[in-house]
Amino acid sequence: MEVASGGGTGPRRNSVAFWLLGLCNNFAYVVMLSAAKDILEKDSKHIEKPCRPEVTTRECQIMSTGSVLLADIIPALLIKVLAPMFIHRVPFGIRHFIVVSLQAASFLIVGISDSTGFALFGVVLASFGSGLGEISYLALSSNYPSTVVAAWSSGTGGAGLIGASIYALLTDSKLLGISPKHTMFIMLILPVLFSFAYWSILQIPRSIHRAHFLQPNTWITSLESPSSESRRIQEEEEGLLENTDVEEEGENISRRTEVSKIRKAIPLLRFMVPLIAVYLAEYYINQGLLELLEFDCSHGFGMSSESQYRWFQVTYQLGVFISRSSSNYITIPTKYLTSLAILQILNAGFFTFTAVYAIIPHIILAFFVIFFEGLLGGASYVNTFRAVHREVSIESREFSMGVVSISDTIGIVFAGFLAMPVHNLICSTPL
């Protein structure tokens, strides 16, 4: 494969670039979830309370953090569902510029907002950016060796761990004690790193269309890209397109292309369904149940309920990062992906029971189970995409990676809608 610049460091350089792309792409998404309680309390000018010596009642917010989750994921789902039909016409460079701009705007808006509604608008922009980024960079990875998929997955896991940790460290009253508002302004360094990773580190193959800022005619690619052309040739060889006259073929090609995409998508369900189940269960836990877990001063290291929630998020992201970064050493066969989904569903059941009856005696045990939850989620993600990259033919790989990338988003949306009524139901019951 030809690249823009040669040299033996190419593979390593591209892996570093994809790691940074994964890190930066998911960073805003993670920070918004870690800041969920702070975002919901903007209207009330909430001041963080110290830990309670004894937890005898539930302290619930009117809105569940599941509402922040929905604002942080539904726009991404819309992008992932609609984009595969037209996004191939937008050069990767243009897509990257849009993603970086949306991320910068999201941090700025959440930082300057004084109301929950305006802050949620910033969350929506972050979601649009991360959704467009994921579908674009995964599609871009089809032009590189499979090792960049592992690097991307590790980077997204790193985004969770680093993003959640930085937010917790900066805002914890016992550590740096920076306000959530100023913390968001500090996060604006990420779009700069994001830009550097793509335009300065990544080696773009010469086969990739390049857009030039001063040449608007390069901002949109031709209607039929080289990859779609190769797919069309293959379909002709398989008899999907008959050798009729040119005019009739021109009228039917669009319809047959859509049918072909549907046929290619159906076999991907064996990858998608387990991943949907894993993400439904884990985000139902994270955004519907963890905010209901509160330990008193002696069993929670003296942390406030807000601080406990932030460090729960850090622990979860640590598990995700470790499992996403280990796929080059431990690979889970495709047939076992369903087992990961079953284990995560059992985790969801355990945390539901815990939220109602408070059966975990100390926060250390909660950290341990949350860490295991993160391991399962990260392992399911990276092994699913590696399986697609390995088992799908190269002609269909870019399309398949984009379709399967919808799975985690679908699961998270379902989790957000499930988390809110469960949160309200549990809050209405005595402790």
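Residues numbered from 1 in each chain as written. Predicted model: local features only at pLDDT ≥ 70, side-chain atom pairs only at ≥ 80, totals over all residues. Heavy atoms only, no water.

- As recorded by an unreviewed UniProt entry, the chain carries the name Battenin and is attributed to Caenorhabditis latens.

## A word on a nonpolar patch on the surface
Alright, step 1. A cluster of nonpolar side chains, namely Leu-108, Ile-112, Phe-118 and Phe-121, defines an oily patch on the protein surface of about 360 Å² accessible area.
Alright, step 2. For the nonpolar patch, the secondary structure elements donating two or more residues are α4 (92-112) and α5 (116-141). (Patch = residues over 30% accessible without salt bridge, like charges linked within 9 Å, V, L, I, M, F, W, Y side chains within 5 Å. Areas by Shrake-Rupley, 256 points an atom, 1.4 Å probe, with all protein chains shown as cover. Salt bridge = Lys/Arg side-chain N within 4 Å of Asp/Glu carboxyl O. Helix = DSSP H or I, 4+ residues; strand = E, 2+ residues; numbered from the N terminus.)

## Observations regarding the pattern of salt bridges
Alright, step 1. The final tally for this structure, using the stated rule, is one salt bridge.
Alright, step 2. Glu-294 serves as the salt-bridge partner of Arg-52, at 2.9 Å between the closest nitrogen and oxygen. Placement of Arg-52 in the loop between α2 (36-40) and α3 (66-82) and of Glu-294 in the loop between α11 (269-289) and α12 (305-324) is noted, with a sequence separation of 242 residues between them. As far as the burial class goes, Arg-52 and Glu-294 line up, both buried. (Buried < 20%, exposed > 50% of the residue type's maximum accessible area, 1.4 Å probe, protein only.)

## With respect to the packing of aromatic side chains
Alright, step 1. In the structure shown here, the tally under the stated rule is 13 aromatic pairs.
Alright, step 2. Here Tyr-29 and Tyr-283 contribute two aromatic rings whose centre-to-centre distance is 6.4 Å and whose plane-to-plane angle is 50 degrees, an arrangement assigned as tilted. Pair noted here: Tyr-29 is in helix α1 (residues 10-34) and Tyr-283 is in helix α11, with a separation of 254 residues, a long-range link. Accessibility classification places Tyr-29 together with Tyr-283 in one group, the buried group.
Alright, step 3. Taken together through their ring pairs, the aromatic side chains of Tyr-29, Tyr-279, Tyr-283, Tyr-316, Tyr-381 and Phe-385 make up a single cluster. (Phe/Tyr/Trp six-rings, centres within 6.5 Å; stacked < 30°, edge-to-face > 60°.)

## Side note on the packing of α3 against helix α16 (residues 406-427)
Working note: a packed helix pair is described by the angle between its axes plus the distance between those axes.
Alright, step 1. Contact pair α3 / α16: the axes reach a minimum separation of 9 Å and the direction vectors enclose 150 degrees. Relative to α16, the element α3 is oriented roughly antiparallel. Viewed along their axes, α3 and α16 form a crossing whose handedness is left-handed. Taking contact as the criterion, the partners of Gly-66, Ser-67, Leu-69, Leu-70, Ile-73, Ile-74, Ala-76, Leu-77, Lys-80 and Val-81 in α3 are, on α16, Ile-406, Asp-408, Thr-409, Ile-410, Ile-412, Val-413, Ala-415, Gly-416, Phe-417 and Met-420.
Alright, step 2. Here the residues of the contact of α3 with α16 sort into 14 nonpolar, four polar and two charged. (Axes fitted to C-alpha atoms, helices over the stretch in contact; angles between N-to-C directions. Parallel < 35°, antiparallel > 145°, perpendicular 65-115°, else oblique. Left-handed = near helix turned anticlockwise from the far one by under 90°. Contact = heavy atoms within 4.5 Å. Nonpolar A, V, L, I, M, F, W, Y, C, P; charged D, E, K, R; others polar.)

## Quick notes on the state of the cysteines
As used here, a disulfide is simply a covalent bond connecting the sulfur atoms of two cysteines.
Alright, step 1. Per the counting criterion, the structure on display carries one disulfide.
Alright, step 2. Cys-51 shares a disulfide with Cys-297; S-S distance 2.0 Å. Taking the torsion about the S-S bond as the criterion, the Cys-51 to Cys-297 disulfide, at about 105 degrees, is right-handed. One end of the pair, Cys-51, is in the loop between α2 and α3; the other, Cys-297, is in the loop between α11 and α12, with 246 residues separating them in the sequence.
Alright, step 3. Residue classification places Cys-51 among the buried positions, given a relative accessible area of 17%. (Disulfide = S-S within 2.5 Å.)

## As for the packing of helix α6 (residues 147-171) against helix α14 (residues 363-391)
Alright, step 1. Contact geometry of α6 with α14 gives a least axis separation of 10 Å together with a crossing angle of 160 degrees. Accordingly, the angle class assigned to the pair α6 and α14 is roughly antiparallel. Handedness of the α6/α14 crossing: right-handed. Counted together, Val-149, Ala-150, Trp-152, Ser-153 and Thr-156 of α6 and Tyr-381, Val-382, Phe-385, Arg-386 and His-389 of α14 form the full contact between these two elements.
Alright, step 2. Considering only residue class, the contact of α6 with α14 consists of six nonpolar, three polar and one charged.

## Digging into the environment of Gly-157
Alright, step 1. Checked against the element boundaries, Gly-157 lands in helix α6.
Alright, step 2. Between the C-alpha atoms of Gly-157 and Leu-318, which are 161 residues apart in sequence, the distance is 7.8 Å.
Alright, step 3. With sequence-adjacent residues up to four places away left out, Gly-157 is seen in contact with Gln-317, Val-320, Phe-321 and Arg-324.

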